[in-house]
Amino acid sequence: MTTEHPARIEVALGERAYPVLIGPGVRHRLAAEVARIGARRVVVVSARPPEWTPDPGVPHRVVPARDGEHDKTLATVEHLCRAFAEFGLTRTDAVVSCGGGTTTDVVGLAAGLYHRGIAVIHLPTSLLAQVDASVGGKTAVNLPEGKNLVGVYWQPRAVLCDTEHLTTLPERERRNGYGEIARAHFIGAGDLRGRPVAEQIAACVALKARVVAADERDGGLRHILNYGHTLGHALEVATGFRLRHGEAVGVGTVFAGRLAGVLGRIGPARVAEHREVVAGYGLDPELPAGVDHDELVALMRRDKKATAGLSFVLDGPDGPELVADVPPEAVHTALR
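The written sequence of each chain sets the order in which its residues are numbered from 1. Selection of residues for local features in this predicted model requires a pLDDT of at least 70, selection of side-chain atom pairs for listing and counting requires 80 or more, and totals for whole chains, interfaces and linings are taken over all residues. Excluding hydrogens and water, the side-chain figures rest on all heavy atoms present in the structure.

Moving on to the overall build of the protein chain. Runs of H or I in DSSP of at least four residues are treated as helices and runs of E of at least two as strands, each being numbered from the N terminus. Tallying secondary structure elements over the protein chain gives 11 helices and 11 strands in all. In terms of overall size, the protein chain behaves like a compact globule, its C-alpha atoms giving a radius of gyration of 19 Å where 336 residues would be expected to give roughly 20 Å. Referenced to the eigenvectors of the C-alpha coordinate spread, the extents of the protein chain come out at roughly 60 × 40 × 35 Å. Only protein chains enter the area calculation, which uses a 1.4 Å probe; residues under 20% of their type maximum are buried, those over 50% are exposed, and those in between are partly exposed. Sorting the 336 residues of the protein chain into buried and exposed places 58% on the buried side. Whether two residues are in contact is decided by their heavy atoms, any of which lying within 4.5 Å being enough. Restricting the contact set of the protein chain to residue pairs at least 6 apart, pairs at least 24 apart contribute 69%. Only four residue types enter the tally: Lys and Arg on the positive side, Asp and Glu on the negative side, with His and both chain ends excluded. Where a charge sits is defined by one atom per residue type, namely NZ (Lys), CZ (Arg), CG (Asp) or CD (Glu). Separation of charge centres in the protein chain, based on 38 positive and 40 negative side chains, amounts to 3 Å. Each radius of gyration reported is based on C-alpha atoms, and the globular scaling rule is 2.2 Å times the count of residues to the power 0.38.

A word on the pairing of strand β8 (residues 146-153). Only strands that DSSP links by at least two bridges are regarded as paired with each other. As defined by bridge partners, strand β7 (residues 138-143) adjoins β8 across 5 bridges and the pair is classed as antiparallel. From the neighbouring strand, lysine 138 faces β8, where its bridge partner is tyrosine 153. The antiparallel pairing of β7 with β8 creates a hairpin that spans 2 residues between the two strands.

Now for the packing of helix α5 (residues 171-184) against helix α8 (residues 245-262). Relative orientation of the contacting elements α5 and α8 amounts to 35°, with a least axis distance of 7 Å. When you trace α5 past α8, the crossing you get is left-handed. Contacts between α5 and α8 involve Arg172, Asn176, Gly179, Glu180 and Arg183 from the first element and His245, Gly246, Glu247, Val249, Gly250 and Thr253 from the second. Residues were grouped as follows: Ala, Val, Leu, Ile, Met, Phe, Trp, Tyr, Cys and Pro as nonpolar; Asp, Glu, Lys and Arg as charged; and all remaining residues, including Gly, as polar. Its residues placed into classes, the contact of α5 with α8 shows 1 nonpolar, 6 polar and 4 charged. To obtain an axis, a line is fitted to C-alpha atoms, over the contacting stretch when the element is a helix, and the angle between two such axes runs from 0 to 180 degrees between their N-to-C directions. By convention, the crossing between two helices is left-handed when the near helix turns anticlockwise from the far helix through less than a right angle, and right-handed when the turn is clockwise.

Our focus in this paragraph is the environment of glycine 146. Tracing the backbone shows glycine 146 in strand β8. Residues glycine 146 and methionine 300, spaced 154 residues apart in sequence, show a C-alpha to C-alpha distance of 9.2 Å.

Our focus in this paragraph is a nonpolar patch on the surface. A contiguous nonpolar surface patch, about 210 Å² in accessible area, is contributed by Leu74, Leu143 and Leu149. When you line up the elements, leucine 74 lands in helix α2 (residues 74-87). Distance thresholds for patches are 9 Å for like charges and 5 Å for nonpolar side chains (Val, Leu, Ile, Met, Phe, Trp, Tyr), applied to residues having over 30% relative accessible area and no salt bridge. The method behind every accessible area is Shrake-Rupley, applied with a 1.4 Å probe, and residues are considered shielded solely by the protein chains displayed. Any carboxyl oxygen of Asp or Glu that lies within 4 Å of a side-chain nitrogen of Lys or Arg is treated as forming a salt bridge with it.

Quick look at the nonpolar core now. By nonpolar core we mean a set of buried residues, namely Ala, Val, Leu, Ile, Met, Phe, Trp, Tyr and Cys, connected to one another through side-chain atoms within 4.5 Å. With 65 residues, the main nonpolar core has Val20, Leu259, Met300, Phe312 and Val331 as its most contacted residues. Broken down by element, the residue count for this core peaks at 9 residues, all from helix α6 (residues 197-214). Setting aside residues up to four positions removed in sequence, valine 331 forms contacts with Phe255, Leu259, Val297, Met300, Leu310, Phe312 and Val326. Ranked by size, the runner-up nonpolar core spans 20 residues in total, among them Val45, Val95, Val106 and Val120.

Taking 1.5 Å as the rise per residue, helix α3 (residues 101-113) with 13 residues should run 18 Å; its terminal C-alpha atoms sit 18 Å apart, in good agreement. Across the 13 residues that make up α3, a large majority, 12, are buried. Those residues of α3 that sit buried are Gly101, Thr102, Thr103, Thr104, Asp105, Val106, Val107, Gly108, Leu109, Ala110, Ala111 and Gly112. Just downstream of α3 lies histidine 115, where phi reads positive at about 55°. The span one expects for a helix is its residue count, reduced by one, times 1.5 Å.

Below is the structure:
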């Protein structure tokens with residue numbers, strides 16, 4: 001077991017601050033974190049085999065879960081809350097998620113709703129979840145009408161990003177996580193290509209921690225974290241989630257560069273850099289064949305940021321910012 005000297009990043013939210021630990025073997029610190037927050041009983045919701053699901057060190061029940069968008073529903077939240085109630089969890093207890101980004105999202109939402117909120121600790125096991133989904137307190141599930149339309153802000157009490165979990169991922173799932181790392185290139189994380197994966201994770205988490213500490217509830221700055229996500233979410237829905245989240249965000253990042261170029265916000269070299277970075281992480285930068293552009297535009301109108309027409313986070317002379325009321329013809333030009 002290797003738990004010496006993990007990277008530690010604090011999400012500075014006053015009395016709701018919490019640590020994110022990154023490194024090999026940090027899952028074995030779960031019992032210490034459970035003891036730190038004083039939970040007497042725990043439900044562990046795990047999408048991983050028993051040997052990858054650590055003991056929280058107190059009386060507990062393990063509830064099996066499945067990673068994947070098709071279980072990211074209100075029905076799953078109800079199932080989990082009923083499991084919490086059957087085990088007798090109280091407000092002084094805790095829930096632990098062990099799985100990918102969909103698991104941390106669903107478990108976080110269930111924890112935020114049960115008894116109007118109980119403590120949750122995340123053990124993200126995919127690269128996508130470690131660099132993004134598990135940190136920042138956004139929890140949500142999908143509706144048939146769109147991605148992440150029902151959710152709450154509910155911060156975890158700790159996040160343990162064990163890089164040993166990444167050794168179990170299929171190649172496509174590892175590559176999927178690089179969609180979020182590629183988009184981080186354009187919002188302040190710097191060029192992370194070729195860096196060790198633990199450094200890439202730490203750089204993305206540090207960036208997100210700074211943004212969340214400054215704007216916890218998406219009042220302004222936090223919008224930049226959605227770079228590439230407006231088209232990305234639409235592509236997930238339009239393809240029936242055949243395109244995974246990070247893959248879709250990679251395409252969405254290339255599109256964001258194209259759209260910023262169409263609007264004259266950035267020059268051709270910066271537009272080209274978007275494609276180069278996404279492709280450099282082994283992701284396909286092209287729109288999938290057969291997707292209908294009109295359907296994508298209709299889905300993007302339902303985006304949570306879209307309070308004034310079509311809205312996108314776009315690069316520009318002053319860096320990334322939310323741009324509202326983008327003309328539909330510019331969007332169609334960028335899609336073509």
